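# A look at the structure
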Amino acid sequence: MLSEVFVTEMTAAPVMCMYCGTVTVMAEEHLYMFPLSPGAVLRCGTCEEALMVFVRHEGRLRVGLPGVRWLDVAAPSGAQP
Ligand SMILES: [Zn+2]
């Protein structure tokens, strides 16, 4: 689902939990309810709060970032600052 929303590879992207301040890479967080449901929840591996929520409905993908303080991704080549 990450690759459907973000143009750069996200599994190695550092992310900070806004609840506990832990910084880890996306691939180390816990993913729940995927692929057996229409959505997924990515939870912090330290405090278990929801970092990201993905819901697929009627051909659209809704993404919520309730627990992300910041997400660090490489800018696409050629992007301006
Ligand atoms: Zn946390």
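Scroll up to find the structure.
The rules we used
Residues numbered from 1 in each chain as written. Predicted model: local features only at pLDDT ≥ 70, side-chain atom pairs only at ≥ 80, totals over all residues. Heavy atoms only, no water. Donors = N, O, S within 2.8 Å, 3.2 Å for Na, K, Ca; no water. Tetrahedral: all angles 85-135°; square planar, octahedral: opposite > 155°, others 65-115°. Helix = DSSP H or I, 4+ residues; strand = E, 2+ residues; numbered from the N terminus. Pairing = 2+ DSSP bridges. Axes fitted to C-alpha atoms, helices over the stretch in contact; angles between N-to-C directions.

### Notes on the coordination of the zinc ion
Angles between donor atoms at a metal ideally measure 109.5 degrees for a four-coordinate tetrahedral arrangement and either 90 or 180 degrees for a six-coordinate octahedral one. Taken together, C17 (SG), C20 (SG), C44 (SG) and C47 (SG) make up the full set of protein donors to the zinc ion, lying 2.3 to 2.4 Å away. The coordination sphere of the zinc ion comprises four donor atoms, whose angles at the metal cover 106 to 114°; the geometry is tetrahedral. Each donor residue of the zinc ion lies on one chain, and together they are spaced C-x2-C-x23-C-x2-C. Highlighted residues: C20 in the loop between β1 (14–17) and β2 (23–25) and C44 in the loop between β4 (39–43) and β5 (50–57), separated in sequence by 24 residues.

### Re the sheet that holds β2
What the three strands build is an open sheet, ordered β2-β1-β7; its pairing is antiparallel. At either end of the open sheet lies a strand with only one pairing partner, and these are β2 and β7 (68–71). Sheet twist, expressed as the average angle between the axes of neighbouring strands with direction ignored, equals 25°. Note that β1 and β7 share three bridges and pair antiparallel. Directly across from M16, in β7, lies its bridge partner W70.

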